Amino acid sequence: MADETANAQGTAGFIFEMGVLKNAKRTGWWFTGNNNPESIAEHSFRVGVIGAVLAMMEGVDPAKVALMCLFHDTQETRIGDIPHIGRRYIDAATNQTVTADQVSAAHPAVKAGVQRVVDEYEADTPEAIVAKDADKLECLVQAVEYRAQGNTLVQDWIDTSLNSLKTASAQALAEAALTMSPLEWRKTFLG
């Protein structure tokens, strides 16, 4: 009974820790003058949706990709959202190491399952490649939205994201996103 209680509390603690991502902002956008960028949780939600869509287009497992996308930035509760330029100067623990610490007190199935998801995201499986494309594509789409809102300093984020996409489906969606308004989807229903 004591182990069950400890496992439940450890797992609940992990769930509370993940709530921190709702308040933690994506810091790279500060360089563009955006003082109120989306949270890491907001980013991760759309990465998950994009990942599932890309997986369907690429013929890999959408549920597996969406799960990797959901957990891809969970380590940022402990190490923060380090901008790419900052990574040049900081030797941070690996995502696998941070995740191991985060789930160390969780239920054994949660501990093993979350670690397996993060380990695969850091590998080069077909699903992991799609999940990483989803992360980059979400950054590109967010930059297009910020540009439409008047933030003119986002082109580097667009270029870097576009150049890092590996799959044909992600490249096609990026090209489409770059040629349309973020509100284009409304025209389908508003005629």
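Residues numbered from 1 in each chain as written. Predicted model: local features only at pLDDT ≥ 70, side-chain atom pairs only at ≥ 80, totals over all residues. Heavy atoms only, no water.

Honestly, the overall build of the protein in this entry has me stumped. Any pointers?
Scanning the protein from terminus to terminus reveals eleven helices and zero strands. Put simply, the protein runs from its N terminus to its C terminus through helices and strands in the order α-α-α-α-α-α-α-α-α-α-α. A compact globule built from 191 residues should have a C-alpha radius of gyration of about 16 Å, and the protein, at 18 Å, falls within 12% of that. With the principal axes as the frame, the protein shows a C-alpha extent of 60 × 35 × 35 Å. Scored against the burial criterion, the 191 residues of the protein give a buried share of 40%. A separation threshold of at least 6 residues defines the contact pool for the protein, and within that pool the share at least 24 residues apart is 66%. (Helix = DSSP H or I, 4+ residues; strand = E, 2+ residues; numbered from the N terminus. Rg over C-alpha atoms; globule rule 2.2 N^0.38 Å. Buried < 20%, exposed > 50% of the residue type's maximum accessible area, 1.4 Å probe, protein only. Contact = heavy atoms within 4.5 Å.)

Whenever I open this one, the side chain of Asn151 confuses me. Can you help?
On the secondary structure map, Asn151 appears in the loop between α8 (126-148) and α9 (155-164). Contacts of Asn151, omitting those with residues within four sequence positions, involve Thr32, Gly33, Asn34 and Tyr146.

What exactly am I supposed to notice about the side chain of Asp135 here?
As for its placement among the helices and strands, Asp135 is situated in helix α8. Within the buried core, Asp135 has no salt-bridge partner, and the shortest N-O distance to an opposite charge, that of Lys136, equals 4.8 Å. Reaching out from Asp135, the side chain makes a polar contact with the side chain of His43 at a distance of 2.8 Å. Setting aside chain neighbours within four positions, we find Asp135 in contact with His43, Val47, His72 and Tyr121. (Lys, Arg positive; Asp, Glu negative; His and termini not counted. Salt bridge = Lys/Arg side-chain N within 4 Å of Asp/Glu carboxyl O. Polar contact = N/O pair within 3.5 Å; in protein donor to acceptor, adjacent residues only side chain to side chain.)

Is there a simple way to explain the layout of surface pockets in this structure?
Left-over empty space is what a probe sized like a water molecule reveals as it rolls over the atoms. What the largest pocket holds in volume is close to 1000 Å³. Ile82, His84, Arg87, Asp135 and Lys136 are, among the 38 residues lining the largest pocket, the residues nearest its centre. At the level of elements, α4 (76-79), α5 (84-87), α6 (95-102), α8 and α9 are the ones that each hand at least two residues to the lining of the largest pocket. The leading source of residues in the lining of the largest pocket is α8, at six residues. Partitioned by chemical class, the residues of the lining of the largest pocket number 13 nonpolar, eleven polar and 14 charged. One number sums up the size of the second largest pocket: a volume of about 440 Å³. Lining of the second largest pocket is provided by 15 residues; of these, Arg46, Val141, Leu173, Ala177 and Met180 occupy positions nearest its centre. Elements supplying a minimum of two residues to the lining of the second largest pocket: α2 (40-58), α8 and α10 (168-178). Residues of the lining of the second largest pocket, tallied by class, amount to twelve nonpolar, one polar and two charged. (1 Å grid on protein atoms, 1.4 Å probe; cavity = no way out; pocket = protein on both sides within 12 Å on 5 of 7 lines; lining within 4 Å. Points joined across faces, edges and corners; volume = space filled by probe spheres on them. Nonpolar A, V, L, I, M, F, W, Y, C, P; charged D, E, K, R; others polar.)

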